[in-house]
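Chain residues, written in single-letter form:
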Amino acid sequence: MLRIVLVLLAIWLVLGILGAVLRGLFWLTAIAAVLFVVTAAWGWFTGSRKS
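Counting from 1, residues in each chain are numbered in the order their sequence is written. Side-chain atom pairs in this predicted model are given and counted only at pLDDT of 80 or more, local residue features only at pLDDT of at least 70, and totals for whole chains, interfaces and linings cover all residues. Each side-chain value is derived from all of the structure's non-hydrogen atoms; neither hydrogens nor water enter the calculation.

### Remarks on the overall build of the protein
- Along the backbone of the protein there are two helices and zero strands.
- On C-alpha atoms alone, the protein measures out to a radius of gyration of 12 Å, which is more than a quarter above the 10 Å that the 2.2 N^0.38 rule sets for 51 residues.
- Over its C-alpha atoms, taken along the principal directions, the protein stretches across nearly 45 × 15 × 10 Å.
- Here the protein, with 51 residues, has 20% of them falling under the buried criterion.
- Residue exposure ignores everything except the shown protein chains as possible cover, and the areas themselves are Shrake-Rupley values with a 1.4 Å probe. As presented, the protein carries roughly 4100 Å² of accessible surface, and 79% of it is formed by carbon and sulfur atoms. Numbering of helices and strands starts at the N terminus; helices are DSSP runs of H or I of at least 4 residues and strands are runs of E of at least 2. A radius of gyration in this sense is built from C-alpha atoms; the matching globule rule multiplies 2.2 Å by the number of residues raised to 0.38. Remark: exposure states derive from per-residue accessible area (1.4 Å probe, protein chains only) relative to the maximum for the residue type, with buried under 20%, exposed over 50%, and partly exposed in between.

Dropping the structure here:
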């Protein structure tokens, strides 16, 4: 489960950087930022419930 969360976080990070570098893709940065936060929160909540 942790591996999936880390892979998703890496994907969102790469998409966010790509959106920031390419001028016409600012929307990609915004979507990647939202998905990054949601994935991090989801991973944190599922990880804290198991403990």
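Picking up after the structure, the text goes on.
### Looking at a nonpolar patch on the surface
- Patches in this entry comprise residues that are over 30% relatively accessible and not in a salt bridge; like charges within 9 Å are linked, as are nonpolar side chains (Val, Leu, Ile, Met, Phe, Trp, Tyr) within 5 Å. Put simply, a salt bridge is a Lys or Arg side-chain nitrogen that is within 4 Å of an Asp or Glu carboxyl oxygen. Together, Leu13, Ile17, Leu18, Val21, Leu22, Phe36 and Val37 line one region of the surface with nonpolar side chains, adding up to about 630 Å² of accessible area.
- Counting residues per element, the nonpolar patch draws most heavily on helix 1 (residues 2-21), at four residues.
- As for its placement among the helices and strands, Leu13 is situated in helix 1.
- With a relative accessible area of 47%, Leu13 lands in the partly exposed category.

### Points about the packing of aromatic side chains
- Each Phe, Tyr or Trp ring, with Trp reduced to its six-membered ring, pairs with another whose centre is within 6.5 Å; inter-plane angles below 30 degrees give stacked pairs, above 60 give edge-to-face pairs, and intermediate values give tilted ones. Enumeration over the complete set of coordinates arrives at one aromatic pair.
- Their ring planes at 55° and their centres at 4.9 Å tell us that Trp44 and Phe45 sit as a pair that is tilted.
- Residue classification places Trp44 among the exposed residues on the basis of a relative accessible area of 59%.

### Some points on the side chain of Thr39
- Looking at the element boundaries, Thr39 is found in helix 2 (residues 26-50).
- Contact definition: two residues touch when any of their heavy atoms are within 4.5 Å. Sequence-distant contacts of Thr39, that is, excluding residues within four places in its chain, are made with Val5, Leu8, Leu9 and Trp12.

### Some remarks on helix 1
- Over its 20 residues, helix 1 extends 29 Å from the first C-alpha to the last, a length consistent with the 28 Å expected when each residue adds 1.5 Å.
- The set of residues buried in helix 1 consists of Val5, Leu9, Trp12, Gly16 and Gly19. Buried residues in helix 1, looked at end-on, bunch into an arc of 90°, giving them a common side. Along helix 1, exposed side chains directed more than 90 degrees from the buried face belong to Arg3, Val14, Ile17 and Val21. For a helix, the expected span equals 1.5 Å multiplied by the residue count minus one. The arc in question is the one traced by the directions running from the helix axis out to the C-beta atoms.

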